[in-house]
Amino acid sequence: MTSIPPQSQASTNTPVLIVDDDPSMRAALRQWIRLADFETIEVETTDQAMANLGPDFKGCVVSDVMLDGEDGMTLLRRVSELDSDLPVILITGHGDVPMAVEAMRAGAYDFVEKPFDPDLIAEVVRRACNRRALVLENRALKTQIADSSSLESRLIGNSPAMQALRHQILHFAQTDAAVLITGETGTGKEVIAQALHDFSARKSGPFMAINAAALPETMVEAELFGHEAGAFTGADRQRIGRIEAANGGVLFLDEIVSMPMALQAKLLRVLQERKVDRIGGHKPINVDIRLVSAANVDPREAVASGRLREDLLFRLNAIELTIPPLRERGRDSMLLFDTFLNRFAVQYGMEAPAPSAQDEAFLQTYEWPGNVRELRNAAERFVLNAQVNPQPLEILVTGRRDAVSPIAAGGLKELMDAYERSLIEGALRRHDSKIADVMRELNVPRRTLNEKMARLGLSREKTGGSDVPENS
Ligand SMILES: Nc1ncnc2c1ncn2[C@@H]1O[C@H](COP(=O)(O)OP(=O)(O)OP(=O)(O)O)[C@@H](O)[C@H]1O
Ligand SMILES: [Mg+2]
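Each value, and the rule that gives it
Position numbers for residues start from 1 in each chain and track the written sequence from start to end. To read the labels, note that chains go from A and ligands from 1, taken in the order they are written. Where local features are concerned, this predicted model is filtered to residues with pLDDT of at least 70; where side-chain atom pairs are given and counted, the filter is 80 or more; whole-chain, interface and lining totals use all residues. As a rule here, side-chain values cover all heavy atoms of the structure and leave hydrogens and water aside. Strands are runs of DSSP state E lasting at least 2 residues, helices are runs of H or I lasting at least 4, and numbering of each runs from the N terminus. Here's how the labels work: a residue is buried when its accessible area is under 20% of the maximum for its type, exposed when over 50%, partly exposed in between, all with a 1.4 Å probe on protein chains only. By definition, residues are in contact when any of their heavy atoms lie within 4.5 Å. By definition here, a salt bridge exists when the distance from a side-chain nitrogen of Lys or Arg to a carboxyl oxygen of Asp or Glu is within 4 Å. Buried Ala, Val, Leu, Ile, Met, Phe, Trp, Tyr and Cys residues that are joined via side-chain atoms within 4.5 Å together make up what is termed a nonpolar core. Only when DSSP finds a minimum of two bridges between them are two strands counted as paired. Any residue with at least one heavy atom within 4 Å of a molecule or strand is counted as near it. Counted as a polar contact is a pair of N or O atoms within 3.5 Å, where, for protein atoms, one must be capable of donating a hydrogen and the other of accepting one, and residues adjacent in sequence contribute only when both atoms are in side chains. Residue burial considers only the protein chains on display, and all accessible areas are found by Shrake-Rupley using a 1.4 Å probe. For this classification, the nonpolar set comprises Ala, Val, Leu, Ile, Met, Phe, Trp, Tyr, Cys and Pro, the charged set comprises Asp, Glu, Lys and Arg, and every other residue, Gly included, is treated as polar. Source of the domain bounds: an automatic or database domain assignment. Helix axes are fitted only over the stretch in contact, all axes being lines through C-alpha atoms; the angle between N-to-C directions runs from 0 to 180 degrees. Each angle is binned into one of four classes, with values under 35 degrees roughly parallel, values over 145 roughly antiparallel, values of 65 to 115 roughly perpendicular, and all other values oblique.

Draft legend 1. Up close: the side chain of His197. Structurally, the position occupied by His197 is in helix 7 (residues 189–198). Judged by its relative accessible area of 4%, His197 is buried. In this structure, His197 is in contact with Arg202, Lys203, Gly205, Pro206, Phe207 and Val250, ignoring residues within four places of it in sequence.

Here it is, written out as C-alpha cells:
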C-alpha cells in the first residue's frame, strides 16, 4: 500500500547554511545536519552568509548568535530584509533567556541552546526546511496563477484547443527548447512567440524578431549577422546584427519558409555552433539565445518542395505548437469579437454597439480566412461605423450587399434558415462534402441532414469547392 506523502516536504538535497566562526562547532553542526540528509554550506561571517542567500534559497539558516564582527541578530535582520520567509535558527548560550526571547521577537524561526542535542537540531532544521518548501511552493503557484490569467487576456479563447495551447505555452516558456509555431495567417503566431518570451526566465532579456521575407535580400545578411567597419562598401561603422542583439533573450524567426536558401545555410551554422560571425569579422561571437520561429504553411511540405532545409527544420522544431484556424474554434469568434468591440469602444471613446442575431450568426459561420486579424479589423470597423453608418457585419466584412438580410426578408424563420444553411454549408466545405464527417460534426442523423439539405436547397456538389473571399 502506498501512503500519500505530506505536501511540500523539503527534498533530501535541501541546503542548510551554517554560520559559525568556531571550526569545531561548524564540524559538529555539519555532522548532525548531514546525518539528517541535508546538504550543508558553511561560512564564518554574516557577509559570507548573505553572499550565499537569495529569495530562491530552498533551505534554512543555522547561525550562532555570537560571531566575530556582526552577530547572529544582525544576520537575522539582514535575512528578513532579503526574504522574511527564510527561516533562521539561532544557537544561543545555555540559559541565555533574554537573548532567546529577543531572537524570537526579531523573527527567528527557532533557537537551540548550547550544548545542543543532535536530535533536536535535526528536528528543528527539518521543520524549518519543510516550512520553507511550502512557502516557495505557494509563491510559485501564485505566479503561475497570475501568469495564466494575464496570458488569458492576451490569447483569448475558451475552446479546448486554445486552453490547451495556453497551458503548453506556460509550460514550454520555462524551457529553452526551440519552438516552431505553425498556423494560418492571423491566428496569433506572434502573440504566442511574445508570450513564450514574456513568461520565461528570459523575460528581462531582448525579444528580437526577424522576418526575412520583409527585408530586401541585399540587406538581410547585414541585418542578421551585423558587420565590422569597412566590411563592404558603405559599411562605414561597425554594426551589431539582430542575432547578436538577441543575446540573453529570444530570437523570433518569422516566416521561416520565405528565408532565402543561402541564408538558411548560414543560419543553420549559427544554431549549431551558437556563434555568430559578423561580416568582415575575424572571430565568432558566442550567443545565448532561445529560438522561436513561425510558419504559416506546412513546414514539411516546404521541405518536400525544396523551400526549407530539412536540417534547419530539425533545429527549429524541438517543440511544435499548432494553432487552429479561427473557424475551428467554435464560439471563440464570439468571445473575441465581443472583447475587441469593448477594447475599440474604449480606445475611440465610443459606445460598444451590440451585434444583432444576424451578425452573430455570421460571426460563427463565416470562414475567417484572415483569422483573428480579420475579425479584429471587422470589430474596429463595426465600432467606428456604429453611430454614423451602421451596417450588418456581413457587409462590412465581405462587401456583399446581396447576401444580406434574412431579417429584412421575413423574420425569425428566415434567420434560422439562413443560420442553419450556413452551418451546414461550412461543415460540408470543411469536410470536402463527406457526409459522414458532416453528420459527426453537427451531430445529426443522416436522414435529418438529408431533409434539411433538401429543404434549404443545398447539395454536396454546390458546396464542395471553396469560394472563400480574399483576406481583408
Ligand atoms: N487569441 C487571440 N486573442 C487576442 N488577440 C489575438 C489572438 N490571436 C491573435 N490576436 C491578434 O490578432 C492579430 C494577428 O495576430 P498575429 O500577428 O500574432 O498573427 P500571425 O499568426 O503572426 O499572423 P501572420 O502569419 O499574418 O504574421 C494581432 O493583432 C493579435 O494581437
Ligand atoms: Mg506574424
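Draft legend 2. Region of interest: the pattern of salt bridges. Summed over the entire model, instances satisfying the criterion amount to 31 salt bridges. Here Arg139 makes a salt bridge to Asp83, at a shortest N to O gap of 2.8 Å. In this pair, Arg139 sits in helix 5 (residues 118–154) while Asp83 sits in the loop between helix 3 (72–82) and strand 4 (88–92), placing the two residues 56 residues apart along the sequence. Judged by relative accessible area, Arg139 falls into the partly exposed class, the value being 31%. For Asp83, a relative accessible area of 5% corresponds to the buried category. Among the salt bridges present, the one from Lys266 reaches Glu221, with a minimum N-O distance of 2.8 Å. Here Lys266 is found in helix 10 (residues 261–273), whereas its partner Glu221 is found in helix 8 (residues 217–225), with 45 residues between them in sequence. Under the relative-accessibility criterion, Lys266 is labelled partly exposed at 35%. Residue class for Glu221 comes out partly exposed when judged on its relative accessible area of 29%.

Draft legend 3. Region of interest: the nonpolar core. Counting 31 residues, the largest nonpolar core has Ile243, Leu251, Leu253, Ile256, Leu291 and Leu308 as the members making the most contacts within it. Not counting residues within four places of it along the chain, the set of residues in contact with Leu253 comprises Ile210, Met259, Leu267, Leu291, Val292, Ser293, Ala294 and Leu316.

Draft legend 4. Structural detail: the pairing of strand 3 (residues 60–64). Among the five residues in strand 3, five count as buried, and that is most of the element. Burial of strand 3 is two-sided: the residues Cys60, Val62 and Asp64 facing one way and the residues Val61 and Ser63 facing the other way are all buried. Relative to strand 3, strand 1 (residues 15–19) runs parallel, the two sharing four bridges. Residue pairing for strand 3: Ile18 is matched across the bridge by Val62. Where strand 3 lies against strand 4, four bridges are found, and the strand directions are parallel. Note that in strand 4 the partner of Val61 across the bridge is Val88.

Draft legend 5. Focus on the environment of Leu336. Checked against the element boundaries, Leu336 lands in helix 13 (residues 332–348). Other than its neighbours up to four places away in sequence, Leu336 contacts Ile156, Leu326, Val372 and Leu375.

Draft legend 6. The site of ligand 1, seen in detail. Of all residues adjacent to ligand 1, which total 18 residues, the nearest are Ile156, Thr185, Gly186, Lys189 and Arg373. Arg154 places a main-chain nitrogen or oxygen 3.3 Å from a nitrogen atom of ligand 1. With respect to ligand 1, the backbone of Thr187 contributes an N or O atom lying 3.4 Å from an oxygen atom. For ligand 1, whose accessible area on its own is 630 Å², the fraction buried by protein is 84%. Of all the secondary-structure elements, those providing two or more residues to the shell around ligand 1 are helix 7, helix 13 and helix 15 (371–386). Considering only residue class, the shell around ligand 1 consists of seven nonpolar, five polar and six charged. Formed jointly, the shell around ligand 1 draws a minimum of three residues from each of two domains, domain 2 (157–324) and domain 3 (328–464).

Draft legend 7. Expanded view of the packing of helix 14 (residues 357–365) against helix 18 (residues 412–430). Put simply, helix 14 and helix 18 touch, their axes get as near as 9 Å, and they point 5 degrees apart. The orientation of helix 14 relative to helix 18 falls into the category roughly parallel. Across from Ala357, Gln358, Ala361, Gln364 and Thr365 in helix 14, the residues of helix 18 making contact are Leu415, Tyr419, Ser422 and Leu423. Looking at the contact of helix 14 with helix 18, its residues break down into five nonpolar, four polar and no charged.

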